[in-house]
Structures are given as structure tokens and as C-alpha cells.
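# A structural walkthrough
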Amino acid sequence: MDLPCALCGSGRFIFGVILTLISAENITQKLKKALPVTALESVDSTNLLGLKAARDGAISGTTFVALRQTAGRGRLGRSFFSPQGGLYLSIVLRPQTEASAALSVTTAAATAVCRALDGFCTEKPMIKWVNDIYIADRKVCGILTEGAFVPNSTRLDYAVVGIGLNLTEPAGGYPPEIADKAGAVFGKENVPDEIKEALAAAVLNEFFALYDDAHIQNGLEEYRRRSYLDGKTVTYQKDGNTHIARVLGVDESVHLVLEENGQKIFLEAGEVSVCVNKQLKQH
Ligand code: BTN
């Protein structure tokens, strides 16, 4: 039997486990565009759900939202830590474009997440090239776009853009490998389910203000204005060497532009991961 939770007044208490529940209906009511939304308490990965749905013919805009993932997927084959206290969502898209436009999906999503967060926090969200959102020097969100080609073509059949937001710090803290950079939008504060629903709707509304299957606005001007790395000294690995460079900005082709030993270097998205050099950190 499900009972309202006596401890926090939200969610439900089932066999000793507090389940916070978001409702797809509450999210869709706040949307400017009708979208099929599924809301779940827990799932292996919303991106896996989205990829399967896309293969099964789901329409563009089909969205999966979850409060916890047991096998969250990150960039470069890494896992994405997805405990309770976060908001994880994936959107199935059917861009009528070349596969190269997948990067525009990521930049549009990054810009959309920042605009949505603007309505919920006082600190300005910034974008760490290519796909991370930072608030107060901490990564609070990661974005992963996956997809598939139309067979024997360079066109995209579908794309799934996944957005993972850390809202509240996990009870046991972050795992050691991300503890020095991960943070949560609301710190230690417990976030009511209504806020999670409102934030999910805001992200979707901001994203679909930029994205249309026939025409993707990449939000690049704002993306570049929100560039977290500008002016910072960073390290990156390439060709077996560690490089140290100063970030000049992000260019119109979403290259990270660096100054290294007096030379201008252009890094392509997906080519390398860039770390802020803590010892040499500059603003
Ligand atoms: C990264 O920081 O490496 C990207 C992380 C992307 C995580 C999101 S959470 C929602 C969606 N489902 C997943 O399994 N991954 C993405």
C-alpha cells in the first residue's frame, strides 16, 4: 500500500523506502509544446530508454525523466554518477540534418539548461566547453548526445540528448574521482518534487525554443558568452603529451581556442577533455 510520506510530506513511503515521485502530467501541463513525457523514479539510463524508443519509432520530442539512474552514461564511455537528488532527462529527436549537426543539439541543450537554471538560482550558470554546466566553479550538469545515422548516408536518423542535473548533494558525498569538481544546484537543500517538475519543464521549453527538427538554432552566441573556461589556464592530453595553455574563447565552429607557447591552437569538440589547472587557475 502507498502512503503519503510522514517525514517530508512529499513522495510516498513504500516498504520502508521513501520514494519521491514526479508526475509526467505535472510536467506536460507546464510545456509550451505538447510532448510525450514519461516520468520515472528510477531507471538504468534515460538515454538507453530514449535510444530504444527511437529505434522503435518514437516521435521527435519523446522525453524520459527520472530521479535516479543505476547505469547513467557519460561522455567518452564513462559512467555518470546519478544518485537520488538529481534530475535526469533524455529527449528523442529526429533532426532532418547532416550528422555534423549533432554538435548543435549539444550546444542548444547547454544554452537551454543555463536559461532554465537562471530562473531557479542566483549564481549565473556557465558552460564548460563542450557539454558541462558549472555554477560557482562546480559541475552541476553534464550533457550527452547520442544517435544513429540513416543507413548508408551521412544524415542523422535520430539523436537522443541526455541532460543530467545534480540538484542536491548526495547524502554520502560524491565519489572520490569527481569530488573535487562536482556540485549541486541547490547545495545540501532538499528539493521538492514540484521544483523538479518545474525545472524539467523549463529545460524542455528552453530547448524547444531553439530546436526544431528542420532547423536547429545552436544558441551559440549565448553559449560563447557563458563560456566558463575563458581566460583560464587549462591542461589537456594530446598525442601522448600533456599540454598547458590559456583559453581565449570558443569560436563560431565550437572549437576551443587556446594560446599555447605563443601560438593559437584550435581544439575540436570530442577531440580532448580539458581540465582547469587548479595550481595555475586564473580569472
Ligand atoms: C557527461 O558529463 O559526461 C555527460 C553526462 C550525461 C548524463 C545524462 S543523465 C541523463 C542521460 N542519461 C544518461 O545515461 N546520460 C545522460
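Residues numbered from 1 in each chain as written. Predicted model: local features only at pLDDT ≥ 70, side-chain atom pairs only at ≥ 80, totals over all residues. Heavy atoms only, no water.

## Some remarks on the overall build of the protein
If you tally the helices and strands in the protein, you get five helices and 17 strands. Relative to the compact-globule value of 19 Å for 283 residues, the protein shows a C-alpha radius of gyration of 19 Å, a close match. Intrachain contacts of the protein at a sequence separation of at least 6 include 62% that bridge at least 24 residues. Put simply, the protein shows about 13,500 Å² of open surface, and 51% of that area lies on carbon and sulfur atoms. (Helix = DSSP H or I, 4+ residues; strand = E, 2+ residues; numbered from the N terminus. Rg over C-alpha atoms; globule rule 2.2 N^0.38 Å. Contact = heavy atoms within 4.5 Å. Areas by Shrake-Rupley, 256 points an atom, 1.4 Å probe, with all protein chains shown as cover.)

## Details of the environment of Val 185
Looking at the element boundaries, Val 185 is found in the loop between β10 (156-166) and α4 (193-210). Looking at Val 185, the relative accessible area reads 12%, which means it is buried. Separated by 20 residues in the primary sequence, Val 185 and Leu 165 place their C-alpha atoms 7.9 Å from one another. If we ignore the near neighbours within four places in the chain, the residues touching Val 185 are Leu 117, Cys 121, Ile 135, Val 140, Asn 166 and Leu 167. (Buried < 20%, exposed > 50% of the residue type's maximum accessible area, 1.4 Å probe, protein only.)

## With respect to the sheet that holds strand β7 (residues 126-128)
Ordered in space as β4-β5-β6-β10-β9-β8-β7, the seven strands form an open sheet in which the pairing is mixed. Both edges of this open sheet fall to β4 (37-40) and β7, since each of them pairs with a single strand only. On average, each strand axis in the sheet is inclined to that of its neighbour by 20°, with strand direction left out of account. Note: β7 against strand β8 (residues 132-135), three bridges, orientation antiparallel. Of the residues in β8, the one forming a bridge with Lys 128 is Asp 132. This element, helix α2 (residues 46-55), spans β4, β5 (63-66), β6 (86-93), β9 (138-149) and β10 of the sheet and lies at about 160° to β10. (Pairing = 2+ DSSP bridges. Axes fitted to C-alpha atoms, helices over the stretch in contact; angles between N-to-C directions.)

## Digging into the packing of aromatic side chains
For the structure shown, the criterion picks out six aromatic pairs. Centroid distance Phe 81 to Tyr 174: 6.2 Å. Interplanar angle 70°. Geometry classified as edge-to-face. Taken together, the residues Phe 81 in the loop between β5 and β6 and Tyr 174 in the loop between β10 and α4 connect sequence positions 93 residues apart. For Phe 81, a relative accessible area of 31% corresponds to the partly exposed category. The buried category is assigned to Tyr 174, whose relative accessible area is 16%. With a centroid separation of 5.3 Å and 15° between ring planes, the pair formed by Phe 207 and Tyr 211 is classed as stacked. Phe 207 gets classed as buried once you look at its relative accessible area, which sits at 1%. For Tyr 211, a relative accessible area of 3% gives the class buried. Taken together, the ring pairs connect Phe 207, Phe 208 and Tyr 211 into an aromatic cluster. Above the face of the Tyr 228 ring, Lys 232 is positioned so that its terminal group lies 4.0 Å from the ring centre. (Phe/Tyr/Trp six-rings, centres within 6.5 Å; stacked < 30°, edge-to-face > 60°. Lys NZ or Arg CZ within 6 Å of the ring centre and 35° of its normal.)

## Observations regarding the pattern of salt bridges
Tallied over the entire structure, the rule returns 12 salt bridges. For Lys 52, the salt bridge goes to Asp 56, with nearest N and O atoms at 2.7 Å. For Asp 56, a relative accessible area of 57% puts it in the exposed group. The salt bridge involving Glu 252 is made with Arg 224; its shortest N-O contact spans 3.6 Å. With a gap of 28 residues between them, Glu 252 in the loop between β14 (241-250) and β15 (256-260) and Arg 224 in helix α5 (residues 220-225) connect regions that are remote in the sequence. Of the residues examined, Glu 252 reaches a relative accessible area of 57% and is grouped as exposed. Residues joined by salt bridges that share partners form a network here, namely Arg 115, Asp 118, Glu 222 and Arg 226. (Salt bridge = Lys/Arg side-chain N within 4 Å of Asp/Glu carboxyl O.)

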